[in-house]
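Remarks on the overall topology
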Amino acid sequence: MPETPISDGKVVEIHFTLTLEDGEIADSSRDQDPMLYLHGGDNIVKGLEKALLGKTAGDKLSVDVAIAEGFGEHNPEGVQELPRSELPDDVELEVGMEFGFEHEDGSVMTGWVTAFTDETVTIDLNHPLAGETLHFEVEVLSVREALPVEIEHGHPHGPGGHEH
Ligand code: ZN
């Protein structure tokens, strides 16, 4: 039976290692369960998704992803300093922690704490890997049709995907 090629609407199981330009390993699935993503669902960076199109289970690939097709350029306007009083008192601040907070227009944004003092907290709305060229080593483990509910939610369910 021919292997199913990856295309929009497929749930794909991969192992990956993400390395930055300086050789630092930024993320890897190798020490945990493989990652599931929905192809065409914006679950992974654009450059990696493009490279995986048409691949099948068993394929291994090396992918260089330019900044524009990765997490984008670092936008200085995304760095915001807030008075610490705007955050709940019970938050134990830590550099690198992820934060959901409400923007002026009511939309919820994700930011990362990059610095803090007793009075202020600096939050960066850029992804921590913005401005980085990404290198992925990827192994495709399996490819299957997404369930209708997965298409509806925009992400895969089950082990390695969303548990809900
Ligand atoms: Zn879901």
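One can find the structure itself at the top, above this paragraph.
Summary of the structure given here. In this text, all values refer to a predicted model and were calculated from it rather than measured experimentally. Position numbers for residues count from 1 along each chain, tracking the sequence in the order it is written. In keeping with the predicted nature of the model, local features appear solely for residues at pLDDT of at least 70, side-chain atom pairs appear and are counted solely at 80 or more, and the whole-chain, interface and lining totals rest on all residues. Water and hydrogen atoms play no part in the side-chain values, which are based on all heavy atoms of the structure.

Details of the overall build of the protein
The test is simple: Secondary structure counts use DSSP, requiring at least four H or I residues in a row for a helix and at least two E residues in a row for a strand, with both numbered from the N terminus. What makes two residues a contact is simply this: any of their non-hydrogen atoms within 4.5 Å. Throughout, the Shrake-Rupley method with a 1.4 Å probe supplies accessible areas, and for residues the shown protein chains are the sole cover considered. His is not counted, nor are the chain ends; Lys and Arg add positive charge and Asp and Glu add negative charge. Charge coordinates come from a single atom per side chain, which is NZ of Lys, CZ of Arg, CG of Asp or CD of Glu.
Across its full length, the protein holds two helices and nine strands. Ordered by position from N to C terminus, the α and β elements of the protein give β-β-β-α-β-β-β-β-β-β-α. Along the longest, intermediate and shortest principal axes, the C-alpha atoms of the protein span 65 × 40 × 30 Å. Across the protein, contacts joining residues at least 24 apart in sequence account for 60% of those joining residues at least 6 apart. Total accessible area computed for the protein in this model is approximately 9,900 Å², and 48% of it derives from carbon and sulfur atoms. Charge centroids of the protein, computed over 8 positive and 36 negative side chains, lie 13 Å from each other.

Observations regarding the layout of surface pockets
Defined as follows: Lining residues are defined by having an atom within 4 Å of a point belonging to a cavity or pocket. Those points lie on a 1 Å grid over the protein atoms alone, cavities being sets where a 1.4 Å probe fits but cannot get out and pockets being open sets with protein on both sides within 12 Å along at least five of seven lines. Grid points are joined across faces, edges and corners, and a volume is the space filled by probe spheres set on the points. Any residue outside Ala, Val, Leu, Ile, Met, Phe, Trp, Tyr, Cys, Pro, Asp, Glu, Lys and Arg is labelled polar, Gly included; the first ten of those are nonpolar and the last four are charged.
Size it by volume and the largest pocket reaches roughly 360 Å³. If you go around the largest pocket, you meet 16 residues; those closest to its centre are N43, I44, V45, F71 and F136. Counting residues per element, the ones that place at least two in the lining of the largest pocket are β1 (10-20) and α1 (46-52). Of the residues that constitute the lining of the largest pocket, the class distribution is 10 nonpolar, two polar and four charged. The space that makes up the second largest pocket amounts to roughly 170 Å³. Lining the second largest pocket, in full, are Q80, L82, E86, L87, P88, F99, F101, E102, H103 and E104. Mapped by element, the contributors of at least two residues to the lining of the second largest pocket are β5 (79-83) and β6 (98-102). It is β6 that contributes the most residues to the lining of the second largest pocket, three residues altogether. Tallied by class, residues from the lining of the second largest pocket come to five nonpolar, two polar and three charged.

Looking at the pattern of salt bridges
The condition is simple: Any Lys or Arg side-chain nitrogen located within 4 Å of an Asp or Glu carboxyl oxygen qualifies as a salt bridge. Residue exposure (1.4 Å probe, protein chains only): buried if accessible area is under 20% of the type maximum, exposed if over 50%, otherwise partly exposed.
Taken as a whole and assessed by the stated rule, the structure comprises four salt bridges. Measuring nitrogen to oxygen at the nearest pair gives 2.6 Å for the salt bridge that ties E69 to K50. Residue E69 is found in the loop between β4 (60-65) and β5, and its partner K50 is found in helix α1; the two are separated by 19 residues along the sequence. Judged by relative accessible area, E69 falls into the partly exposed class, the value being 25%.

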